Structure formats: C-alpha cells, structure tokens
Amino acid sequence: MMSNTNDLSNRTLTIERTFNAPIQLVWDAWTQAGKISLWWGPKGMQTKVIQHDFKVGGTWKYTMEMPNGNEFITEGVYSEIAELAKITSSADFKPMTEGVEIQAQFEAKGDKTNFIFKVVHPTAEYCQQQEKMGFYKGWGSTFDRLNEYLQVE
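Residues numbered from 1 in each chain as written. Predicted model: local features only at pLDDT ≥ 70, side-chain atom pairs only at ≥ 80, totals over all residues. Heavy atoms only, no water.

Draft legend 1. Region of the structure containing the packing of helix 2 (residues 23–31) against helix 5 (residues 135–152). Put simply, helix 2 and helix 5 touch, their axes get as near as 11 Å, and they point 125 degrees apart. By the angle class used here, helix 2 and helix 5 are oblique. Helix 2 and helix 5 meet at a crossing whose hand is right-handed. Contacts between helix 2 and helix 5 involve Leu-25, Val-26, Ala-29 and Trp-30 from the first element and Phe-143, Leu-146, Tyr-149 and Leu-150 from the second. Residues that form the contact of helix 2 with helix 5 fall into these classes: eight nonpolar, no polar and no charged. (Axes fitted to C-alpha atoms, helices over the stretch in contact; angles between N-to-C directions. Helix = DSSP H or I, 4+ residues; strand = E, 2+ residues; numbered from the N terminus. Parallel < 35°, antiparallel > 145°, perpendicular 65-115°, else oblique. Left-handed = near helix turned anticlockwise from the far one by under 90°. Contact = heavy atoms within 4.5 Å. Nonpolar A, V, L, I, M, F, W, Y, C, P; charged D, E, K, R; others polar.)

So this is what it looks like as structure tokens:
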C-alpha cells in the first residue's frame, strides 16, 4: 500500500509501558494538578502547573524549568476524555515541539496498568525530526519519573 502524508503511522510516535500500579493511581497522576507537577517532564526538570482545566475544551498549561534556569512552556486543549481509558489533547511544548496531538491510553491489567502514549505530528517530516531530537529519550525519562512516583504513592 502506498503511504501518504495522511497516513497516521508516518506521523505518530508511540511509547508503551506497563506500570506496576492500579489504573486509578495512574489516572490520578495524569489528571490531578497536584500530582502532575511531581513527575511531568524529563529528569532534572521542575514543573509548575499554571492552569489545569480537566474537561473537554479545557486548557492546561505547565512551565518546566531546566537546571540552567531556562523555562519551557507546555500547553494544550483537551479534546477527548474517557474516564480511566483515554485522554486526547492538542499540545505545544515551546520552543521544541508545536502543533502536535497527544493521546494517553490506559488499560487495567489486574493491579497493573498498560499505558500507551502517542504523539501525532502534522507531517511525517516533522515526526522524523522530533524523533531525531530525542523524543524517546525525553518521554522515556518522563515516564521513568512517573513510574518512580507511582511506586511511592
């Protein structure tokens, strides 16, 4: 089959993890402002939740401060929320990444949680560029932090 720029697989980067924690804990970590700041962002980043309106059409905005004092702004608008199942949002991670859609999917597996994270980019070229810029390392580090957070929660 010929692929074109509308082919989602060319524009999507995916990370899958199984967290050793019940789905409610993982969901709460993603959806409660006080918990998001404890794990969001790669290791070494300090995150502040500026805005967190967790509903369809609601906006979220966090700042992430690097050890060198540089600050990133990360923000988006929720487009889909399915309780304990899926969160879809637009996302801008200024100045690194803009105009993407993030999808977080949650599935209970006994007292563990299967988690699938997808970032859909506007074009295949942009997707490849983001991958080269360290997508898997950055988000991998973030989800390592989430995993550590879940172990003590």
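So, next bit.
Draft legend 2. Highlighting the pattern of salt bridges. Under the criterion given, the structure shown has six salt bridges. With its nearest N and O atoms 3.7 Å apart, the salt bridge here joins Glu-148 to Lys-43. With Glu-148 in helix 5 and Lys-43 in the loop between helix 3 (33–36) and strand 2 (46–52), this pair connects stretches of sequence that are 105 residues apart. Taking the shortest distance from any N to any O, the salt bridge between Lys-94 and Glu-75 comes out at 2.8 Å. Of the two residues, Lys-94 is situated in strand 5 (residues 86–94) and Glu-75 in strand 4 (residues 71–82); the sequence distance between them amounts to 19 residues. Members of the salt-bridge network, linked through shared partners, are Arg-17, Lys-43, Asp-144 and Glu-148. (Salt bridge = Lys/Arg side-chain N within 4 Å of Asp/Glu carboxyl O.)

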